[in-house]
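Here's the letter readout for the chains.
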Amino acid sequence: MIICDLDKCTGCMLCYNLCPVNAITIKGDRYGFSIPEIDSVKCIKCNICKSKCPQNNDKNKFLMSKDVYAMWSKDTNLRMDSTSGGVFSGLAEAVIKAGGCVYGAAFDETFRVLHQRVDSLEGIDVFRGSKYVQSDIGDTYRQIKKDLQSDKWVLFSGTPCQVKALKEFLSIKYNKLLLVDIVCHGVPSPLVWEHYLYYIKEKYNADKIENVSFRNKDHAWSLYLMKIVFSSGIIYKANAVTDPFLLAFLNNFCLRKACHECKYTCLNREGDVTLGDFWGYVSDTYKFRNDEKGISLVIINTAEGADWLKKIESGYYYTRKDIEETLPSNGPLTKPSIHEEKRELFLDDFINEGFEYCLHKYLYPRERSKSYLIGMFINNKSYLLGKPGRKVYEKLRNLMKTYLRKD
């Protein structure tokens, strides 16, 4: 039995968690993406996996007016340890203080990404920082259902397709469930990530990795700086135009195929709260200027999301924004990542020739465009323009981006 077209499979693992006889296992396909495999002997042909698969069903429409904020923590250390402004940590802390637990993406000891559960304030640390690899959900949905049935508060954070899968698994609305989806560019292959780490270790003749940060802020939030710390004390740093994994990710060479037709890249969100980086943030005042320490884009999608944001707002600086301001620089809110025409060539070369071969053929260092650097500078200093000047600048900027896309 085929659950869904494998090219459309998101790897959400709903089918694995749903199967009443454990007839479904998850394996990696040729490129390392998780796909389901059905044991025909165990399968009772109940069809629940196929009927519940989100890729076989239309997306629900529940659009409401959006409250949008730019937010960042007043705790500078927390903010610097987070990818953007540290809002997820505030929500997680609030849920745990309410006696609940939190599920999110974390590294294991080999820096494989998987979903984990924590119920202590000290445990939240493992969730901080973006992980640009598809996480292994495992039996997370089953664990969450047990927690909810035990009358516990639960916060679940994941990609929109994972949030949708959890909702389908639960089937009914639980009042003690807070859902957070992320603004998602797409999920890269875990196999490419594994080979990248091996390449970096070999290059630096290092044995053990102590820490990985996809978005280190030592220099600036917007630089996309990969930082890897080895047990020997060696530190590797490279930015988005020089690090091979970030180049593969941001240039769409190794994203899951379904990501290029993602139906969740819209304002009809799956979570109570949507979190991301506030790219294109325009500073209104000196107090709310972009100081390059990270700014969270926070979109409130439900009344429940608004209630939880209210609980944490005292620990954050925040300013209300118009949803239209976020769209030009946050593509995944309106459209999927473009299918790179060399994606299949890259992945085939990766499998047949190895990561280092692809590094030289596809992932050679680039340079940041002058228009990007100038635009970032103007955004960060825009509070100097005054409100009328900022509005004129925003219109010109958005028109220019539209023109360049057509070009």
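Details of the structure are given in the entry above.
Conventions adopted
Residues numbered from 1 in each chain as written. Predicted model: local features only at pLDDT ≥ 70, side-chain atom pairs only at ≥ 80, totals over all residues. Heavy atoms only, no water. Helix = DSSP H or I, 4+ residues; strand = E, 2+ residues; numbered from the N terminus. Contact = heavy atoms within 4.5 Å. Core = buried A, V, L, I, M, F, W, Y, C linked by side-chain atoms within 4.5 Å. Buried < 20%, exposed > 50% of the residue type's maximum accessible area, 1.4 Å probe, protein only. Polar contact = N/O pair within 3.5 Å; in protein donor to acceptor, adjacent residues only side chain to side chain. Pairing = 2+ DSSP bridges. Axes fitted to C-alpha atoms, helices over the stretch in contact; angles between N-to-C directions.

A. Up close: the side chain of S135. Looking at where S135 falls in the secondary structure, it is placed in the loop between β5 (113–118) and α5 (140–149). With sequence-adjacent residues up to four places away left out, S135 is seen in contact with A105, V113, L114, H115 and Q162.

B. Structural detail: the nonpolar core. One finds W193, Y196, M226 and I228 to be the most contacted residues of the largest nonpolar core, which totals 55 residues. It is helix α7 (residues 190–203) that contributes the most residues to this core, 6 residues altogether. In this structure, M226 is in contact with W193, Y196, V212, S213, F214, Y236, K237, A238, D243, F245 and L246, ignoring residues within four places of it in sequence. If you look at the next biggest cluster of nonpolar residues, it comprises 26 residues, including L91, V95, I124 and Y316.

C. Molecular detail of the side chain of S213. Along the chain, the position of S213 falls in strand β8 (residues 209–216). In terms of polar contacts, S213 uses its side chain to reach the backbone amide nitrogen of N216, at 3.2 Å. Setting aside chain neighbours within four positions, we find S213 in contact with L225, M226 and K227.

D. Representation of the sheet that holds strand β3 (residues 67–73) in the model. Spatial strand order, β5-β4-β6-β7-β11-β12-β3-β13: 8 strands in an open sheet with mixed pairing. In this open sheet, the two edge strands, each paired with only one partner strand, are β5 and β13 (316–321). Pairs of neighbouring strands in the sheet enclose a mean axial angle of 25°, with direction left out of account. Strand direction decides the pairing type here: β3 and strand β12 (residues 296–300), joined by 5 bridges, are antiparallel. Residue V68 lies in a different strand from β12, and its bridge partner there is I299.

E. Representation of the environment of K263. You can see K263 is positioned in the loop between α8 (244–250) and β11 (273–277). By relative accessible area, K263 is classed as partly exposed at 26%. Taking C-alpha positions, K263 is 7.7 Å from P336, a pair spaced 73 residues apart along the chain. Among the polar contacts listed, one links the side chain of K263 to the backbone oxygen of P54, at a separation of 2.5 Å. Separated by 2.6 Å, the side chain of K263 and the backbone oxygen of N57 make a polar contact.

F. Main features of the sheet that holds strand β10 (residues 235–238). If you trace the 3 strands from one edge of the open sheet to the other, you get β8-β9-β10, paired in antiparallel fashion. Each having just a single partner strand, β8 and β10 make up the two edges of the open sheet. Shown here is a sheet whose adjacent strand axes are inclined to one another by a mean of 10°, direction ignored. Bridge count between strand β9 (residues 225–230) and β10: 4 bridges; the pairing is antiparallel. Its bridge partner lying in β10, M226 is registered against A238. Set on the sheet, α7 makes contact with β8, β9 and β10; between it and β9 the angle comes to about 60°.

G. Here's a closer look at the pairing of β5. Looking at chain direction, strand β4 (residues 101–107) and β5 are connected through 6 bridges and run antiparallel. Its bridge partner lying in β5, G104 is registered against Q116. As consecutive antiparallel partners, β4 and β5 are separated by 5 residues, and within that stretch F111 has a phi angle of approximately 65°, a positive value.

H. Spatial organisation of unusual backbone geometry. Even without being glycine, F111 reaches a positive phi, approximately 65°. Tracing the backbone through its elements, the reader meets F111 in the loop between β4 and β5. Judged by its relative accessible area of 9%, F111 falls in the buried class. With a phi angle near 70°, S171 is a residue other than glycine that sits in the positive phi range. Mapped onto the elements of the fold, S171 is located in the loop between α6 (160–170) and β7 (177–182). Look at S171 and you get exposed, because its relative accessible area is 51%.

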